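# Residue-level structure breakdown
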Amino acid sequence: MTDGDDSAARLERVREKIAKAADKAGRAADEVTLIAISKTWDADRIRPVIAAGQRVFGENRVQEAQGKWADGQEGRPALREEADDIELHMVGQLQSNKAEDAVALFDAIHTVDRPSLVKALAKAFAKTERRPTLFVQVDIGEEEQKGGCAIDDLPALLERCRDRELEMAGLMCIPPLGKEPAPYFALLAKLAEEHGLPSLSMGMSGDYETAVMCGATHVRVGTALFGTRDT
Ligand SMILES: *Cc1c(COP(=O)(O)O)cnc(C)c1O
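Residues numbered from 1 in each chain as written. Predicted model: local features only at pLDDT ≥ 70, side-chain atom pairs only at ≥ 80, totals over all residues. Heavy atoms only, no water.

## Side note on the overall build of the chain
- Tallying secondary structure elements over the chain gives nine helices and eight strands in all.
- Against the compact-globule benchmark of 17 Å for 231 residues, the chain has a radius of gyration of 17 Å, which places it among compact chains.
- Along the longest, intermediate and shortest principal axes, the C-alpha atoms of the chain span 50 × 45 × 30 Å.
- Considering the chain as a whole, with its 231 residues, one finds that 48% of them fall into the buried category.
- For the chain, the proportion of contacts with a sequence separation of at least 24, taken over those separated by at least 6, is 60%.
- Surface accessibility of the chain: about 11500 Å² in total, with carbon and sulfur atoms responsible for 45%.
- Positive and negative charge centroids in the chain, built from 30 and 40 side chains respectively, lie 2 Å apart. (Helix = DSSP H or I, 4+ residues; strand = E, 2+ residues; numbered from the N terminus. Rg over C-alpha atoms; globule rule 2.2 N^0.38 Å. Buried < 20%, exposed > 50% of the residue type's maximum accessible area, 1.4 Å probe, protein only. Contact = heavy atoms within 4.5 Å. Areas by Shrake-Rupley, 256 points an atom, 1.4 Å probe, with all protein chains shown as cover. Lys, Arg positive; Asp, Glu negative; His and termini not counted. Charge placed at Lys NZ, Arg CZ, Asp CG, Glu CD.)

Here is the structure:
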């Protein structure tokens, strides 16, 4: 099989599983946006996935994403030019000093998690018309993990966002590794409902069907679409 066939088949399989999980939960499949997480993969590996019809992609590093999607690599055109309706989502930790670059590049940022970043994003918004969709990342397992606002700090952070007129679309989480994810997804859904936030970014290759059953509106799937990453 060529890469192209393989990409199309994997994409089809993931979409079918999302549709089945949505159906089981009495939801419409089109309530769920599949974000293809293309971090670490180079442009030539991503092109067949675009060719197979996928339009929403996620990256976790500003500089890497700029190179592949906006600037182009090795004299090849930027991936953004492959289709005019590509959407790019930032799913990795964002440093405040990269806020302006992130606002310029991404259509959504899933990892707003602290007051200093809220401030940096508000500043970046003041300089441009661009308004990426924003999610607050919640440290749902109350772990010492890389990023995410503590559950107890969520109300205050959302108030900061309101003060600075940053509209939040929803919440995002990464459940603790090796634990049954459903209770964490359910907790994120409950928090979003309490705060009147409509979007839920949750579910990765290992648990996206569970996430859809729990109400995910955005699933972030890398490995199931691209294969195992070299790290
Ligand atoms: C890498 C990554 C994913 C995708 O993980 P897979 O297990 O490869 O599907 C999803 N969300 C975030 C935040 C990531 O960093």
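## Quick word on the site of the ligand
- Lining the immediate environment of the ligand, one finds I37, K39, V91, M172, I174, M204, S205, R220, V221, G222, T223 and R229.
- One nitrogen or oxygen atom from the side chain of K39 is found 2.7 Å from an oxygen atom belonging to the ligand.
- A distance of 2.5 Å is found between an oxygen atom of the ligand and a side-chain nitrogen or oxygen belonging to S205.
- When the free accessible area of the ligand is taken as 380 Å², the share hidden by the protein chains comes to 89%.
- Of the residues assigned to the shell around the ligand, the class counts are six nonpolar, three polar and three charged. (Near = heavy atom within 4 Å. Polar contact = N/O pair within 3.5 Å; in protein donor to acceptor, adjacent residues only side chain to side chain. Nonpolar A, V, L, I, M, F, W, Y, C, P; charged D, E, K, R; others polar.)

## Let's talk about the pattern of salt bridges
- Enumeration according to the criterion identifies 12 salt bridges in this entry.
- In this structure, E64 engages K68 in a salt bridge whose closest nitrogen and oxygen atoms are separated by 2.9 Å. Here the residue E64 and the residue K68 both occupy positions in helix α3 (residues 62–71), the gap between them amounting to four residues, near one helical turn.
- Judged by relative accessible area, E64 falls into the partly exposed class, the value being 22%. (Salt bridge = Lys/Arg side-chain N within 4 Å of Asp/Glu carboxyl O.)

## Considerations on the packing of aromatic side chains
- Applying the stated criterion to the full structure yields two aromatic pairs.
- On the numbers, 4.9 Å between centres and 45° between planes, the contact of F57 with W69 is tilted. Placement of the pair is F57 in strand β2 (residues 56–59) and W69 in helix α3, with a sequence separation of 12 residues. Accessibility assignment for this pair places F57 and W69 in one class, buried.
- The side chain of R45 reaches across the aromatic face of W41, ending 5.6 Å from its centre. (Phe/Tyr/Trp six-rings, centres within 6.5 Å; stacked < 30°, edge-to-face > 60°. Lys NZ or Arg CZ within 6 Å of the ring centre and 35° of its normal.)

## Re the pairing of strand β1 (residues 33–37)
- Within β1, four of the five residues are buried, which leaves it mostly tucked inside the rest of the structure.
- Relative to strand β8 (residues 218–221), β1 is paired through four bridges, and the arrangement is parallel. Paired with L34 across the two strands is V219, which belongs to β8.
- Bridge count between β1 and β2: two bridges; the pairing is parallel. Bridged to I37 within β2 is G58. (Pairing = 2+ DSSP bridges.)

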